[in-house]
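Structural characterization, general
Below, each chain spelled out in residue letters.
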Amino acid sequence: MSNLASNEKIPPFVIKAAITASIGGILFGYDMGVTSMALPQLINTFNLTERQQEMLVSFLYIGCCIGATAGGYLCDRHGRKKMILITDCVFILGAIVLYSASTFDIVLFGRILIGFAVAVSGIADVAYLHEISPKQFRGAIVSCNEACIALGDDVHARIAYLVER
């Protein structure tokens, strides 16, 4: 930081892009933790066995494996910016699928969608932010996305606290 002139500013485009990309970070953190909040209701709604509870948690990671495997290729083929927008849409689609799920199988499908979005978001957001950031601000800008992952987890925890009261 001492190498920076005090009058250097982050370009407005980079700030807007960091905010947009960080939405994926918030969703990443939220979706990784939200199962702990929803599990008791899902157990009651779908009469889940212990094995089904384990499946419910682990299917997010199946989606993550698919997304991690395909994410680099998708980002290279379609571009990081486009993939950020697509993953944000997949997060929304996954949430709609989970909200409207009438069977356990649909819940599992929704978890796979969310897991895919989590993994691709983790690739696309960081790569895009790194690419567009001026060298002297790169670490700080990429750290914003990482902080938003923690923020998403915090949001889920606070919502869980309020719901359980």
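Values in this document were obtained by computation on a predicted structure and should not be read as measured data.

About the criteria used
Residues numbered from 1 in each chain as written. Predicted model: local features only at pLDDT ≥ 70, side-chain atom pairs only at ≥ 80, totals over all residues. Heavy atoms only, no water. Core = buried A, V, L, I, M, F, W, Y, C linked by side-chain atoms within 4.5 Å. Buried < 20%, exposed > 50% of the residue type's maximum accessible area, 1.4 Å probe, protein only. Helix = DSSP H or I, 4+ residues; strand = E, 2+ residues; numbered from the N terminus. Contact = heavy atoms within 4.5 Å. Expected span 1.5 Å × (residues − 1). Bend = angle between axes of the 7 residues up to and from the residue.

**What to know about the nonpolar core**
Met83, Ile84, Ala124, Leu129 and Ile141 are the most contacted members of the largest nonpolar core, which totals 15 residues. At the level of elements, helix H1 (12-46), helix H2 (50-78), helix H3 (80-100), helix H4 (104-132) and helix H5 (138-164) are the ones that each hand at least two residues to this core. Contacts of Met83, omitting those with residues within four sequence positions, involve Leu74, Cys75, His78, Val120 and Ala124. In this structure, Cys64, Phe91, Ala117 and Ala119 belong to the second largest nonpolar core, which totals ten residues.

**A look at H1**
Each α-helix winds once per 3.6 residues, and so residues spaced three or four apart point in a common direction. For H1, built from 35 residues, the straight-helix expectation of 51 Å at 1.5 Å per residue is met to within 8% by its first-to-last C-alpha distance of 48 Å. Considering bend angle alone, the principal kink of H1 is centred on Ala38 and spans about 50°; proline Pro40 follows within four residues of it. Downstream of H1 by a residue or two, Asn47 has a phi angle that is positive, lying close to 50°.

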